[in-house]
Amino acid sequence: MASNQDKIRERLRQLLEKPGNGNCADCGTADPKWASYTLGVFMCLNCSGLHRNIAQISKVKSVFLDPWSSSEVEFMQSVGNNAAKAKYEQIVPAFFYTPTDKDCTLLREQWIRAKYERKEFQCVERQEPYSAGYREGFLWKRGRDNGQFLSRKFILSEREGVLKYFNKNDAREPKAIMKISSLNATFQPTKIGVNNGLQITYLKDNSTRNIFIYQEDGKEMVDWFNAIRAARFHYLQVAFPGASKADLLQRLTRNYIKEGYMEKTGPKHTEGFKKRWFSMDDRRLMYFKDPLDAYARGEVFIGSRENSYTVLRGLPPSIQGYHWQFGITIVTPDRKFLCACETEEDQKDWIAAFQTIINRPMQPQEYAVEAYFKHKP
């Protein structure tokens, strides 16, 4: 005869089959095995750990391993993921970044806190830190030459169309002006080596410039990130009035397609191979001596197959000298770029990343970028 807990677990299993409950309420991961019995939502293991940080609001249990009372199950049945989403995500701004299981802990934790603790998406006034069109504050910025983090004043102004920072509090002129039109931001805590680390890139004379910043307060950092996304969204709405909302939202910020070390040789293919850090930022392949360099040592435009770009496994047989074993040849209309990976797995991953870009037809505005690379000195 089935015990009371067995009956309860069967009810919970049936609840997981209801629409919306088959994916984590916070990151979307399939097949959640945990639940908040005070909020009435089902979630994955990783998000359940983040819910423990708001224990005054959310109390979590394993769906199948922990004991449940009938009243707790009835509450789960009365709410569920879809009803909770309708309540806690009533007015999420279009530009607001909603994380997945692949995103860093900071983004996922602040998303959970914004929904359940601060209730930001039930009251527009609570969204002012990232939706007002203007934001200023102090952030720790990594020095380009010495690698030290120093406090710098940052101002984001949608009206001026820029993000700028100042070396001194009373400085009248900014140290750098970054146009919103070319701005990107991506969280890189592991690469930067600090919690809440954000990498910002922008174009300076059509070359990519990196700056690395952080703030101890996680909410502050994510607010800056979403303020940049809001500014980008409003800029793109004006710049591309005929574009669909879905298309614009894909272009607000982007993570790198792939990053990591490869070895490369020079244009004559006779130079020795040197280890470099490579970053694949959409169609720009950049290489750096150090992952945290401000400027790339070089940039390569990766076009589409229709425009005579391709990637080949291995290196030409004529290549001499010591290099990593697993070669890659990038073929462009003008020349071949030769790289080598340390492992076969790295080689496969890099080739797959290149194929993703090469198999995608070029957009009209990308031809202008390609033309610049062809005439670059």
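Residues numbered from 1 in each chain as written. Predicted model: local features only at pLDDT ≥ 70, side-chain atom pairs only at ≥ 80, totals over all residues. Heavy atoms only, no water.

(A) Focus on the UniProt feature "domain: PH" (unreviewed entry) in the protein chain. The positions UniProt marks with the feature "domain: PH" (unreviewed entry) are residues 132-233 and 255-359. The span residues 255-359 carries 14% helix and 38% strand; its end-to-end C-alpha distance comes to 19 Å. (UniProt positions renumbered as here; feature names shortened; annotations may be inferred. Helix = DSSP H or I, 4+ residues; strand = E, 2+ residues; numbered from the N terminus.)

(B) Region of the structure containing the packing of aromatic side chains. Tallied over the entire structure, the rule returns 18 aromatic pairs. Their ring planes at 70 degrees and their centres at 4.9 Å tell us that Tyr88 and Tyr116 sit as a pair that is edge-to-face. Remark: Tyr116 occurs in helix H5 (residues 105-117) and Tyr88 occurs in helix H4 (residues 80-88); sequence separation between them is 28 residues. A single burial state applies to Tyr88 and to Tyr116, both of which are buried. Relative to Phe225, the ring of Tyr97 has its centre 5.7 Å away and its plane inclined at 70 degrees; by these criteria the two rings are edge-to-face. Of the two residues, Tyr97 is situated in the loop between H4 and H5 and Phe225 in helix H8 (residues 218-239); the sequence distance between them amounts to 128 residues. (Phe/Tyr/Trp six-rings, centres within 6.5 Å; stacked < 30°, edge-to-face > 60°. Buried < 20%, exposed > 50% of the residue type's maximum accessible area, 1.4 Å probe, protein only.)

(C) Up close: the pairing of strand E13 (residues 284-288). Counting buried positions along E13 yields five of five residues, so the element is predominantly enclosed. Burial along E13 is two-sided: the residues Arg284, Met286 and Phe288 and Leu285 and Tyr287 are all buried. Sheet topology note: the strand E12 (residues 274-281)/E13 ladder contains five bridges and is antiparallel. Following the sheet pairing, Ser279 is matched in E13 by Met286. Two strands pair when backbone bridges link them, and E13 and strand E14 (residues 298-301) are joined in this way by four bridges, in the antiparallel orientation. Paired with Met286 across the strands is Glu299, a residue of E14. (Pairing = 2+ DSSP bridges.)

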